[in-house]
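Given next are the chains, with one letter for each unit.
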Amino acid sequence: MGLNGALLAIDAGNSKTDVAILAPDGTVLGGARGGGFQPPVVGVGTAVDAVAEIAGRAWEAAGGAGKPVAFAQVAACLANADLPVEEAGLKAALEARGWGGAVHVWNDTFAILRAGVDEPRGVAVVCGAGINCVGMLPDGRTARFPAIGKISGDWGGGGGMADEALWFAARAEDGRGGPTALARTLPEHFGLPTMYALIEALHLGSIPPERKHELTPVLFRTSAEGDPVARSLVDRLADEVVAFASVALGRLGLLAEEAPVVLGGSVLAARHPRLDARIAELLAAKAPKARTVVVTAPPVLGAGLLALDAAGAPPEAAARLREHYA
């Protein structure tokens, strides 16, 4: 199968990047994986250079020679493409690679949404290190949020929940707050005796800050054991998920219609019973016809489906691509 007119699908997240070369019929011709995509840290040019290197390896895996060229469509779902102005800058940088065809850039949350729906219609809430929500309709309309942290009104995600758990645990130990088992379970995770020891270790760097994400599963376990503070944080996350989803559904005119709400990211994919139950209860009250779908498929599937959508591919092409990633 030749590579002329092939499609390029890119899912570039904060921690890893997956690239797939597709035939127009949905066949995966080649793929490659590399590191995370972080333009705010390394700059747009360096970040796109890294994606181009991964795309080159995928091109070689598909049997191509030289630099990748002559793609019919390029679908890039990119972390840190949070604002339209950022999407525009990243699109220009990708177009400058000379890959040919139309270049489409979306925030990487759209990859998870598209991976979880049979057509480009619905809403997705993703909760991994952070939290975000997007929605889309077949006519191209979308719903989205800046999702760049507290300054854009966001709360939740593994990082935010870990920070909140640490806040309550620290105050419980020193007396400024009420009691919570988190004051014991959080330092125990790192083999430390007290919250003071954990605070010191995080502050001085003997425990790297990126390891804070390990505390999110501890928070959920502490909640499951009945701790009121931990349970309140789990409940608050459910409230945030449903607030995102219901607003996005409303913006797209789907609040009273049957529509999928795709849940993705490590926190939501873990299927915590209390979190799942509260999301279902609250969503039923706000959007009674909505149905939740938990996605565990790799997001590059969604990027590939968006590429097929842009190419006007028939449904059997999407089915073939889904089968590859099943």
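Relevant structure appears above.
## Some details on the overall build of the protein chain
Check the secondary structure of the protein chain and you find 13 helices and 10 strands. Taken against the 2.2 N^0.38 rule, which gives 20 Å for 326 residues, the C-alpha radius of gyration of the protein chain at 21 Å falls within 12% of a compact globule. Taking the principal axes of the C-alpha coordinates as reference, the protein chain spans close to 65 × 50 × 35 Å. At a minimum sequence separation of 6, the contacts of the protein chain that also span at least 24 residues come to 66%. For the protein chain, the computed accessible surface area is about 14300 Å², with 55% contributed by carbon and sulfur atoms. When the 28 positive and 35 negative side-chain charges of the protein chain are each reduced to one mean point, those points stand 2 Å apart.

## Describing the pattern of salt bridges
Taken as a whole, this structure holds 16 salt bridges when the rule is applied. Here glutamate 214 and arginine 211 are joined by a salt bridge, their closest N and O atoms 2.7 Å apart. Judged by its relative accessible area of 32%, arginine 211 is partly exposed. Note that arginine 278 is salt-bridged to aspartate 239, the shortest N-O span being 3.0 Å. With arginine 278 in helix α11 (residues 273-286) and aspartate 239 in helix α9 (residues 228-251), this pair connects stretches of sequence that are 39 residues apart. Here the salt bridges share partners, and the residues they tie into one network are Lys16, Asp18 and Arg33.

## A word on α9
Taking 1.5 Å of rise per residue, 24 residues should cover 34 Å, and α9 covers 35 Å from first to last C-alpha, within 8% of that figure. Taken from the residues just after α9, glycine 253 is the one with a positive phi, measuring 70°.

## What to know about the packing of aromatic side chains
What the rule picks out here adds up to three aromatic pairs. With centroids separated by 4.8 Å and ring planes inclined at 75°, the aromatic side chains of phenylalanine 145 and phenylalanine 244 adopt a geometry described as edge-to-face. In this pair, phenylalanine 145 sits in the loop between β8 (142-144) and α5 (157-174) while phenylalanine 244 sits in helix α9, placing the two residues 99 residues apart along the sequence. Given a relative accessible area of 7%, phenylalanine 244 falls into the buried group. For the ring pair tryptophan 167 and phenylalanine 168, a centre distance of 5.0 Å and an interplane angle of 85° mean the geometry is edge-to-face. Note on tryptophan 167: relative accessible area 45%, which makes it partly exposed.

## Some details on the sheet that holds β8
Spatial strand order, β8-β7-β6-β9-β10: five strands in an open sheet with mixed pairing. On the outer flanks of this sheet lie β8 and β10 (290-294), each paired with one strand and no other. In this sheet, neighbouring strand axes are inclined to one another by 20° on average, regardless of whether the strands run parallel or antiparallel. Bridging between strand β9 (residues 259-264) and β10 involves five bridges; their strand directions are parallel. Of the residues in β10, the one forming a bridge with alanine 259 is alanine 290.

## Some remarks on the nonpolar core
The biggest cluster of nonpolar side chains holds 53 residues, and the ones touching the most others in it are Val125, Leu186, Leu237 and Leu275. With 12 residues, the top contributor of residues to this core is α9. With 31 residues, the next largest nonpolar core counts Ile54, Val74, Leu94 and Trp99 among its residues.

## With respect to the sheet that holds strand β3 (residues 28-35)
Read across the sheet, five strands follow the order β3-β2-β1-β4-β5 without closing on themselves; strand pairing throughout is mixed. Only two strands of the sheet have a single partner each, and these edge strands are β3 and β5 (102-107). Recorded for the sheet is a direction-independent mean angle of 10° between the axes of neighbouring strands. Bridge count between strand β1 (residues 7-12) and strand β2 (residues 16-22): six bridges; the pairing is antiparallel. From the neighbouring strand, isoleucine 10 faces β2, where its bridge partner is valine 19. Along the sheet, helix α3 (residues 84-95) makes contact with β4 (73-78) and β5, crossing β5 at roughly 145°.

## Describing the side chain of threonine 180
Mapped onto the elements, threonine 180 comes out in the loop between α5 and α6 (182-189). One polar contact links threonine 180 to aspartate 227, side chain to side chain, over a distance of 2.8 Å.

## Concerning the environment of glycine 302
Turning to its location among the elements, glycine 302 is positioned in helix α12 (residues 299-310). Given a relative accessible area of 0%, glycine 302 falls into the buried group. Between the C-alpha atoms of glycine 302 and isoleucine 112, which are 190 residues apart in sequence, the distance is 5.8 Å. Among residues more than four places away in sequence, those in contact with glycine 302 are Ala111, Arg114 and Ala115.

Cut-off values and rules
The residue numbers shown here count from 1 along each chain, following its written sequence. Owing to the predicted nature of the model, reporting of local features is limited to residues with pLDDT of at least 70; listing and counting of side-chain atom pairs is limited to 80 or more, with chain, interface and lining totals taken over all residues. Excluding hydrogens and water, the side-chain values take into account all heavy atoms of the structure. Numbered from the N terminus, helices here are DSSP runs of H or I no shorter than four residues, and strands are runs of E no shorter than two. The reference for a compact globule is 2.2 Å times residues^0.38; the radius of gyration itself is calculated from the C-alpha atoms. We call two residues in contact whenever any of their non-hydrogen atoms come within 4.5 Å of each other. Areas reported here follow the Shrake-Rupley algorithm with a probe of radius 1.4 Å; residue values treat only the protein chains shown as occluding. Counting rule applied: Lys, Arg positive; Asp, Glu negative; His and chain ends not counted. A charge is said to be at NZ when it belongs to Lys, at CZ for Arg, at CG for Asp and at CD for Glu. Whenever a carboxyl oxygen of Asp or Glu lies within 4 Å of a side-chain nitrogen of Lys or Arg, that contact is scored as a salt bridge. Per-residue accessibility, obtained with a 1.4 Å probe over protein chains only, is compared with the maximum for each type, and a residue is labelled buried under 20%, exposed over 50%, and partly exposed between these values. Between the first and last residue of a helix there are one fewer steps than residues, each counted as 1.5 Å, and that sum is the expected span. We call Phe, Tyr and Trp rings a pair once their centres come within 6.5 Å, taking the six-membered ring for Trp, and we label the pair stacked below 30 degrees between planes, edge-to-face above 60, and tilted otherwise. When DSSP locates at least two bridges between a pair of strands, those strands are taken to pair. Fitted lines through C-alpha atoms serve as axes, helices being fitted only where they are in contact, and the angles separating the N-to-C directions of these axes extend from 0 to 180 degrees. By nonpolar core we mean a set of buried residues, namely Ala, Val, Leu, Ile, Met, Phe, Trp, Tyr and Cys, connected to one another through side-chain atoms within 4.5 Å. Whenever two N or O atoms come within 3.5 Å, that pair is a polar contact, provided that in protein one can donate a hydrogen and the other can accept it, and provided that, for residues adjacent in sequence, both atoms are side-chain atoms.

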